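Commentary on secondary and tertiary structure
The primary structure of each chain is shown beneath.
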Amino acid sequence: MKEFLVFLPITIAYLALKSTILVNLPLPDLPLIIVFYMAYRRPTIEGALMGFVLGYLDDAFNGGIIGTSSFALVIIFLAMHLLAKKVQFTTPAFRACGVAVVALVKGVLTYSVLRFANVGVYFFTHVILMSLVTGILAPGIITLFHRIFSLFGPESFKGKAN
């Protein structure tokens, strides 16, 4: 629950800036990185619900077809949940590759839904460039998430006398 309370305001502020001031910059897909982080760290129903809520917010802020990002993020959470049982994303290189691949999957899923609805989207700028930027910046963002949650985590009892 604490992850939801931390990630929701961060995502709202990020999406507000991304959809108004920073429209033309290739920024990482923060909701996707959050879903990736939740899926490999602690896969629960909370992560799937967070993926749905963050995808819905992404569609609402960016003016897309409501539900496309939610659909893609929930599918990605489920796939990452299954993959996290087999693969450990402990190094920044694995995290970068994992996020880049799921960003590409999200882009293809979203692109497919939007093209089916006759919405014009450029594949290179919308999918390929966003996947690269998200993959490159993901390890730093995930490390920041680890540091944030280490501040809120339970205290260590090492070195404390009874």
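Look a little higher up for the structure.
Being a predicted model, the structure only gives us computed values, none of them experimental.

**A closer look at the pattern of salt bridges**
Under the definition given, this model contains two salt bridges. The shortest N-O distance in the salt bridge between Lys-106 and Asp-29 comes to 2.6 Å. Linking Lys-106 in helix H5 (residues 92–116) with Asp-29 in the loop between helix H1 (2–20) and helix H2 (30–41), this pair joins segments that are 77 residues apart in sequence. The pair formed by Lys-106 and Asp-29 is uniform in burial state, with each residue classed as buried. The partner of Lys-106 in a salt bridge is Asp-58, and the shortest N-O contact between them spans 3.4 Å. You can see Lys-106 sitting in helix H5 and its partner Asp-58 sitting in helix H3 (residues 45–62), a full 48 residues away along the chain. Residue Lys-106 shares its accessibility class with Asp-58, and that shared class is buried. Bridged by salt links that share partners, the residues Asp-29, Asp-58 and Lys-106 form one connected network.

**Structural notes on the nonpolar core**
One finds Phe-7, Ile-34, Phe-36, Tyr-37 and Phe-145 to be the most contacted residues of the largest nonpolar core, which totals 34 residues. Every element with two or more residues in this core is listed here: H1, H2, H3, helix H4 (68–84), H5 and helix H6 (123–152). With 10 residues, H2 is the single largest residue contributor to this core. Ignoring sequence-local partners within four residues, the contact set of Ile-34 consists of Phe-7, Thr-11, Met-50, Leu-54 and Phe-145.

**Here's the deal with a nonpolar patch on the surface**
Together, Phe-52, Tyr-56 and Ile-66 make up a nonpolar patch on the protein surface, roughly 310 Å² of accessible area in all. Position of Tyr-56 among the secondary structure elements: in helix H3. Residue classification places Tyr-56 among the partly exposed positions, given a relative accessible area of 42%.

**Structural notes on the side chain of Ser-69**
The topology assignment puts Ser-69 in helix H4. Residues within four places of Ser-69 in sequence aside, it is in contact with Gly-55, Asp-58, Asp-59 and Lys-106.

**Details of the packing of H1 against H3**
Two measures define how a pair of helices packs: the angle their axes make with one another and the distance between the axes. Running from N to C, H1 and H3 cross one another at 20 degrees; their axes reach a closest spacing of 10 Å. Taken together, the axes of H1 and H3 are roughly parallel relative to one another. Seen from above, H1 lies across H3 with right-handed handedness. Contacts between H1 and H3 pair Glu-3, Phe-4, Phe-7, Leu-8, Thr-11, Ile-12, Leu-15, Ala-16 and Ser-19 from the former with Glu-46, Met-50, Val-53, Leu-54, Leu-57, Asp-58, Phe-61 and Asn-62 from the latter.

**Examining H4**
In an α-helix, one turn spans 3.6 residues, which is why side chains three or four residues apart end up on the same side. Between its first and last C-alpha, H4 extends 24 Å over 17 residues, near the 24 Å set by a 1.5 Å rise per residue. Taken together, the buried residues of H4 touch H2, H3 and H5.

**Thoughts on H3**
Over its 18 residues, H3 extends 26 Å from the first C-alpha to the last, a length consistent with the 26 Å expected when each residue adds 1.5 Å. Tucked inside the fold, the buried residues of H3 contact H1, H2, H4 and H5.

The rules behind each value
- Residues numbered from 1 in each chain as written.
- Predicted model: local features only at pLDDT ≥ 70, side-chain atom pairs only at ≥ 80, totals over all residues.
- Heavy atoms only, no water.
- Salt bridge = Lys/Arg side-chain N within 4 Å of Asp/Glu carboxyl O.
- Helix = DSSP H or I, 4+ residues; strand = E, 2+ residues; numbered from the N terminus.
- Buried < 20%, exposed > 50% of the residue type's maximum accessible area, 1.4 Å probe, protein only.
- Core = buried A, V, L, I, M, F, W, Y, C linked by side-chain atoms within 4.5 Å.
- Contact = heavy atoms within 4.5 Å.
- Patch = residues over 30% accessible without salt bridge, like charges linked within 9 Å, V, L, I, M, F, W, Y side chains within 5 Å.
- Areas by Shrake-Rupley, 256 points an atom, 1.4 Å probe, with all protein chains shown as cover.
- Axes fitted to C-alpha atoms, helices over the stretch in contact; angles between N-to-C directions.
- Parallel < 35°, antiparallel > 145°, perpendicular 65-115°, else oblique.
- Left-handed = near helix turned anticlockwise from the far one by under 90°.
- Expected span 1.5 Å × (residues − 1).

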